[in-house]
Amino acid sequence: MPDNLLVLSGLSKTFSDGTVAVDAVDLSIAKGTVTVIIGPSGSGKSTLLRMINLIEPPTAGHVVFDGIDLLQKDVDANALRRRIGMVFQLFNLFPHLSVLANLTIGPMTVLKKSKEEAEEAARAMLVKVGLANKADNYPAQLSGGQKQRIAIARALCMDPEVMLFDEPTSALDPEMIGEVLSVMKKLAADGMTMVVVTHEMDFARVFADTIIVMDGGKIIEAGTPEVIFGHPTNPRTKEFLHRVIDKE
Amino acid sequence: MDFSFLLNGRYVGILLGGLFLTLVLAIIAVGSGTVLALVPAFLRLSKNRLFRLVGTAYVEVIRGTPLLVQVLIIYSFFRMPVTVVLGIDLSSFIPGMLALFINSSAYVAEVIRGGILSVDRGQSEAAASLGMGKGLAMRKIILPQAVKNILPALGNEFVTLIKETSIFMYLGIAELMYAATIVRTSTYAVKESYIVAAILYFCLTFPTSKLMGLLERKMKKADAR
Ligand SMILES: Nc1ncnc2c1ncn2[C@@H]1O[C@H](COP(=O)(O)OP(=O)(O)O)[C@@H](O)[C@H]1O
Ligand SMILES: [Mg+2]
């Protein structure tokens, strides 16, 4: 397959309490594509996403990123993680650091960039997410939407090759969802490879190249938005879509 | 009651000297104890089962036995000739200090461990997602946040240690309790010497607790910046 940046095969996670959160998932993600993962709560979406950068260590299977099997013993996970950006549902900004320092700490400590270089890039990134005037603020002084845009900027400052989003808008007040989605849309338009867990069906419909539907730790259906929204084959997909779309 | 010994410069000098030594002992114990405490604290946080076991055993044994017993055990292991430096007999000071410092390290270890565990897991996940290694994340992300929880508890440990230094009386170190005993035997003002000692202890512990409370509130405020 051409240009597969990420290949997951037989990827599984069984938690120590016996819960099988993800059950032998196979998935290939091509460079420059947007993959949206949907599915009911508890279906294993977060766990799958978190296994891609090994924040959740898989219990079986493989994660091959740019041709490198991340689970090989001699692979330096941190060296690869820096090439994979992640955005969390609850932002996880560093509360003891200013917005600017949140953006520069990765580039300075991990990429060994000089302070000047890191700050210059960080300020440019703040302009991109529309928060240039917040550089010296602390996370606690920001709204939810602003926090999430900073979190996206923080990940982007590492110049990642793929961005993972775990329900980036579901902790936000409705009026703030738009500002975060518009940053993500710009990113998608710029050709960033993205894997997005979300309940924002409009985003999925317009921006996804592939939609993955999960249920019970498995991928039950995958396809283009036209297929998934137009004529899904799995009855559980239909049922799930009815539920979320009726709610909207 | 007869507090007239307080008008005698010599007795006041002995008491204030004792007060000062008490403070110094407590500061040394909490300072060095905190450094040593990092070892059992990180042992207990380790993924390695054996490390965790060693750390837990250390903390539990020390917290589960009286300080006086620990002091006497260590004292009996360190039989060194009387060596007086700056008016302090090192042959009893060093083992005494060692006991206090080991004792405080066990309590502080728990304070440090609790402070680190209280930092949200999302913080280390975010650090890891940026490619930061465990040590780097600990230094730059976790510890700076943990300190906010650790410092106030460390203040409480300091207050406890101020009181526990009274154990040094048994080793003939001229801390406050020993000073009070000297005053008692030379003036026969038994109740009065002890009451004055109690008041002096309180003069150290009360402002310290207040100061720590203030510090805690200030840091909470800084967090809500
Ligand atoms: N740390 C954990 N320990 C045990 N079970 C977990 C843990 N995290 C998630 N699970 C379980 O794994 C399943 C999938 O969870 P998750 O990946 O969070 O689903 P989703 O993101 O789709 O809501 C759920 O049944 C959840 O309860
Ligand atoms: Mg989830």
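Bear in mind that the values here come from a model prediction, so they are computed numbers and not experimental data.

Draft legend 1. Here's a closer look at the interface of chain A and chain B. Between chain A and chain B, the contact holds 24 residues from the first and 22 residues from the second. When the two sides are added together, the surface that chain A and chain B hide from each other amounts to roughly 1,900 Å², 61% of it contributed by carbon and sulfur. On the chain A side of the interface with chain B, the three residues burying the most area are Asn92(A), Phe94(A) and His96(A), jointly 27% of the side's total. Here chain A is connected to chain B by 1 salt bridge. Where Arg50(A) meets Glu125(B), a salt bridge forms, and the shortest distance between an N and an O atom there is 2.8 Å. Scanning the region where chain A abuts chain B turns up 5 residue pairs in polar contact (both at pLDDT 80 or more). Contributions of two or more residues to the side of chain A that touches chain B are made by α2 (77-81), β6 (84-87) and α3 (99-109) of chain A.

Draft legend 2. A look at a nonpolar patch on the surface. All names here are of chain B. Taken together, the side chains of Val 69, Ile 73, Phe 77, Phe 78, Met 80 and Ile 94 present a nonpolar region at the surface, about 540 Å² in accessible area. Of all the elements, helix α3 (residues 67-77) adds the most residues to the nonpolar patch, at 3 residues. As for its placement among the helices and strands, Ile 73 is situated in helix α3. Owing to a relative accessible area of 45%, Ile 73 belongs among the partly exposed residues under this scheme.

Draft legend 3. Local environment of the site of ligand 1. All names here are of chain A. Contacts to ligand 1 come from Phe 15, Asp 17, Thr 19, Ala 21, Pro 40, Ser 41, Gly 42, Ser 43, Gly 44, Lys 45, Ser 46 and Thr 47. Contact distances for ligand 1 include 2.7 Å between an oxygen atom and a backbone N or O atom of Gly 42. Here an oxygen atom of ligand 1 sits 2.5 Å away from a polar atom, N or O, in the side chain of Thr 47. By residue number, the principal contributor to the shell around ligand 1 is helix α1 (residues 45-52), which donates 3 residues.

Draft legend 4. Region of interest: the layout of surface pockets. Empty space within the largest pocket amounts to approximately 1,000 Å³. Of all elements in the fold, only α2 of chain A together with α1 (9-45), α4 (90-117), α5 (121-129) and α6 (134-164) of chain B reach the threshold of two or more residues within the lining of the largest pocket. Tallied by class, residues from the lining of the largest pocket come to 14 nonpolar, 4 polar and 8 charged. Around the second largest pocket sit 14 residues that line it, and Met125(A), Lys128(A), Leu156(A), Leu187(A) and Met192(A) are the ones nearest its centre. Mapped onto the lining of the second largest pocket, the elements with two or more residues apiece are α4 (115-128) and α6 (174-189) of chain A. Looking at the lining of the second largest pocket, its residues break down into 9 nonpolar, no polar and 5 charged.

Draft legend 5. Up close: unusual backbone geometry. Residue and element names in this part refer to chain A. The phi dihedral of Phe 91 is positive, around 65°, even though this residue is not glycine. Topologically, Phe 91 is positioned in the loop between β6 and α3. Notably, Asp 159 is not glycine yet its phi reads approximately 55°, a positive angle. As for its position among the elements, Asp 159 is in the loop between α5 (144-156) and β7 (162-166).

Draft legend 6. Inspection of the packing of α4(B) against α6(B) at higher detail. Residue and element names in this part refer to chain B. Where α4 meets α6, the closest approach of the two axes is 8 Å, and the angle between their N-to-C directions is 140°. When the interaxial angle is binned, α4 and α6 end up oblique. Relative to α6, α4 is oriented so that their crossing is right-handed. Two secondary-structure elements touch here, α4 through Leu 100, Asn 103, Ser 104, Tyr 107, Val 108, Val 111, Ile 112, Gly 115 and Ile 116 and α6 through Met 138, Ile 142, Leu 143, Ala 146, Asn 149, Ile 150, Ala 153, Leu 154, Glu 157, Leu 161 and Glu 164. When its residues are assigned to classes, the contact of α4 with α6 shows 14 nonpolar, 4 polar and 2 charged.

Draft legend 7. Main features of the pairing of β6(A). Residue and element names in this part refer to chain A. Judged by which residues are buried, β6 turns out to be covered on both faces: Ile 84 and Met 86 on one side and Gly 85 and Val 87 on the other are all buried. Relative to β7, β6 runs parallel, the two being bridged by 4 bridges. Bridge pairing links Met 86 to Leu 164 in β7.

Draft legend 8. Local environment of the sheet that holds β6(A). All names here are of chain A. Taken together, the 6 strands give an open sheet; going across it, the order is β6-β7-β8-β3-β9-β10, and neighbouring strands pair in mixed fashion. Here the strands that pair on one side only, and so sit at the sheet edges, are β6 and β10 (218-223). Within this sheet the neighbouring strands show an average axis-to-axis angle of 20°, counted without direction. In the sheet, strand β3 (residues 34-38) pairs with strand β9 (residues 210-215) via 4 bridges, with the strands oriented parallel.

Draft legend 9. Quick peek at the environment of Val12(B). Residue and element names in this part refer to chain B. Relative to the helices and strands, Val 12 is located in helix α1. The spatial distance from the C-alpha of Val 12 to the C-alpha of Leu 215 is 32 Å, given a sequence separation of 203 residues. Discounting chain neighbours no more than four positions away, the residues touching Val 12 are Phe 5 and Leu 6.

Draft legend 10. The arrangement of the pairing of strand β1 (residues 4-14) of chain A in detail. All names here are of chain A. By the bridge criterion, 7 bridges tie β1 to strand β2 (residues 20-30) in an arrangement that is antiparallel. Counted as the bridge partner of Val 7 is Ser 28 from β2. Here β1 folds back onto β2, and the loop between the two strands holds 5 residues, one of which, Gly 18, carries a positive phi near 95°. Two elements, β1 and strand β4 (residues 60-65), share 5 bridges in a ladder whose sense is antiparallel. What sits directly across from Ser 12, in β4, is Ala 60.

Calculation rules
- Residues numbered from 1 in each chain as written.
- Chains lettered and ligands numbered in written order.
- Predicted model: local features only at pLDDT ≥ 70, side-chain atom pairs only at ≥ 80, totals over all residues.
- Heavy atoms only, no water.
- Contact = heavy atoms within 4.5 Å.
- Buried area = accessible area lost by both parts, 1.4 Å probe.
- Salt bridge = Lys/Arg side-chain N within 4 Å of Asp/Glu carboxyl O.
- Polar contact = N/O pair within 3.5 Å; in protein donor to acceptor, adjacent residues only side chain to side chain.
- Helix = DSSP H or I, 4+ residues; strand = E, 2+ residues; numbered from the N terminus.
- Patch = residues over 30% accessible without salt bridge, like charges linked within 9 Å, V, L, I, M, F, W, Y side chains within 5 Å.
- Areas by Shrake-Rupley, 256 points an atom, 1.4 Å probe, with all protein chains shown as cover.
- Buried < 20%, exposed > 50% of the residue type's maximum accessible area, 1.4 Å probe, protein only.
- Near = heavy atom within 4 Å.
- 1 Å grid on protein atoms, 1.4 Å probe; cavity = no way out; pocket = protein on both sides within 12 Å on 5 of 7 lines; lining within 4 Å.
- Points joined across faces, edges and corners; volume = space filled by probe spheres on them.
- Nonpolar A, V, L, I, M, F, W, Y, C, P; charged D, E, K, R; others polar.
- Axes fitted to C-alpha atoms, helices over the stretch in contact; angles between N-to-C directions.
- Parallel < 35°, antiparallel > 145°, perpendicular 65-115°, else oblique.
- Left-handed = near helix turned anticlockwise from the far one by under 90°.
- Pairing = 2+ DSSP bridges.

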